[in-house]
Amino acid sequence: CLDRVAVSFANILGSAASCISYLFILHDSFRMLLIFEVMYCIFVITLALSVWRFRASTVRQEITATTLKDESRALTKLLNLMCDVVIELDRDLCISEDSPKLSALLTLGGRTKSFKGSKIQDFMFAEEDKQRFEQRLLEPSAVQ
């Protein structure tokens, strides 16, 4: 969409440049015509480079996002091999997706209950543990 707008804008400017050039030729002002044409070329080149940089940045961001998703999936599969239950928490420390394994573990194979949206602290017995857990997860990490 941005490419089409940029090309349309450049075409409109090109048409305007041609009309103005014709007017300059009529008034025998070749020097002004040359300056105008050079300025127009610089503008078109700058616009093209800006669009190219924007597109390159967008492609890099998409590649990074895809890579991170793939790494996350691989890590989740590895954790599922090593752990009984793997859950993902959102920003509020709530369970972000249903986990049948967690439901089966906590209800001991009985009825399956969805724990999606439940705070992970709700599964801790001591209030002190809840507060300490929350503080540890929400504080900036010293290890980068």
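First, a word on what this report is: a plain description of the structure on this page. (Residues numbered from 1 in each chain as written. Predicted model: local features only at pLDDT ≥ 70, side-chain atom pairs only at ≥ 80, totals over all residues. Heavy atoms only, no water.)

### Notes on the overall build of the protein
Then, in step 1: Of regular secondary structure, the protein possesses 4 helices and 0 strands.
Then, in step 2: Secondary structure elements of the protein occur, N-terminal to C-terminal, as α-α-α-α.
Then, in step 3: Each of the 144 residues in the protein was classed as buried or not, and the buried ones make up 12%.
Then, in step 4: When the accessible area of the protein is evaluated, it comes to approximately 12,000 Å², of which 62% is carbon and sulfur surface. (Helix = DSSP H or I, 4+ residues; strand = E, 2+ residues; numbered from the N terminus. Buried < 20%, exposed > 50% of the residue type's maximum accessible area, 1.4 Å probe, protein only. Areas by Shrake-Rupley, 256 points an atom, 1.4 Å probe, with all protein chains shown as cover.)

### A word on a nonpolar patch on the surface
Then, in step 1: Residues L75, L78, L79, L81 and M82 make up a contiguous nonpolar surface patch of roughly 540 Å² in combined accessible area.
Then, in step 2: Structurally, L78 is set in helix α2 (residues 30-82). (Patch = residues over 30% accessible without salt bridge, like charges linked within 9 Å, V, L, I, M, F, W, Y side chains within 5 Å. Salt bridge = Lys/Arg side-chain N within 4 Å of Asp/Glu carboxyl O.)

### Remarks on the pattern of salt bridges
It is possible for side chains bearing opposite charge to pair when their charged atoms get close.
Then, in step 1: Counted by the stated rule, this structure contains 3 salt bridges.
Then, in step 2: Here D70 ties to R73 by a salt bridge, and the two come within 2.9 Å at their closest N and O atoms. Residue D70 and its partner R73 are located together in helix α2, separated by 3 residues, close to a single helical turn.
Then, in step 3: Residue D70 is classed as partly exposed on the basis of its relative accessible area of 40%.
Then, in step 4: Owing to a relative accessible area of 49%, R73 belongs among the partly exposed residues under this scheme.

### Brief notes about the environment of F133
Then, in step 1: By the element assignment, F133 lies in helix α4 (residues 127-138).
Then, in step 2: Judged by relative accessible area, which is 26%, F133 ranks as partly exposed.
Then, in step 3: Between the C-alpha atom of F133 and that of I120, which follows or precedes it by 13 residues, the distance is 9.5 Å.
Then, in step 4: Setting aside its immediate chain neighbours within four residues, F133 contacts I120, Q121 and M124. (Contact = heavy atoms within 4.5 Å.)

### Describing a negative patch on the surface
Then, in step 1: A contiguous patch of negative charge on the surface is contributed by E88, D90, D92, E97 and D98.
Then, in step 2: As for its position among the elements, E97 is in the loop between α2 and α3 (100-106).
Then, in step 3: A relative accessible area of 52% places E97 in the exposed class. (Lys, Arg positive; Asp, Glu negative; His and termini not counted. Charge placed at Lys NZ, Arg CZ, Asp CG, Glu CD.)

### Focus: the side chain of S99
Then, in step 1: Along the chain, S99 turns up in the loop between α2 and α3.
Then, in step 2: In contact with S99, other than residues within four places in its own chain, are V85, V86 and I87.

### What to know about unusual backbone geometry
Then, in step 1: One non-glycine residue, L93, lies in positive phi territory at about 65°.
Then, in step 2: Here L93 is to be found in the loop between α2 and α3.
Then, in step 3: The class of L93 is buried, set by a relative accessible area of 7%.

### A look at the environment of S103
Then, in step 1: Residue placement: S103 occurs in helix α3.
Then, in step 2: Judged by its relative accessible area of 5%, S103 is buried.
Then, in step 3: Separated by 10 residues in sequence, S103 and K113 have C-alpha atoms that sit 5.7 Å apart.
Then, in step 4: Excluding residues within four positions of it along the chain, S103 makes contact with K113, S114 and F115.

Keep in mind these numbers describe shape, not what the thing actually does.
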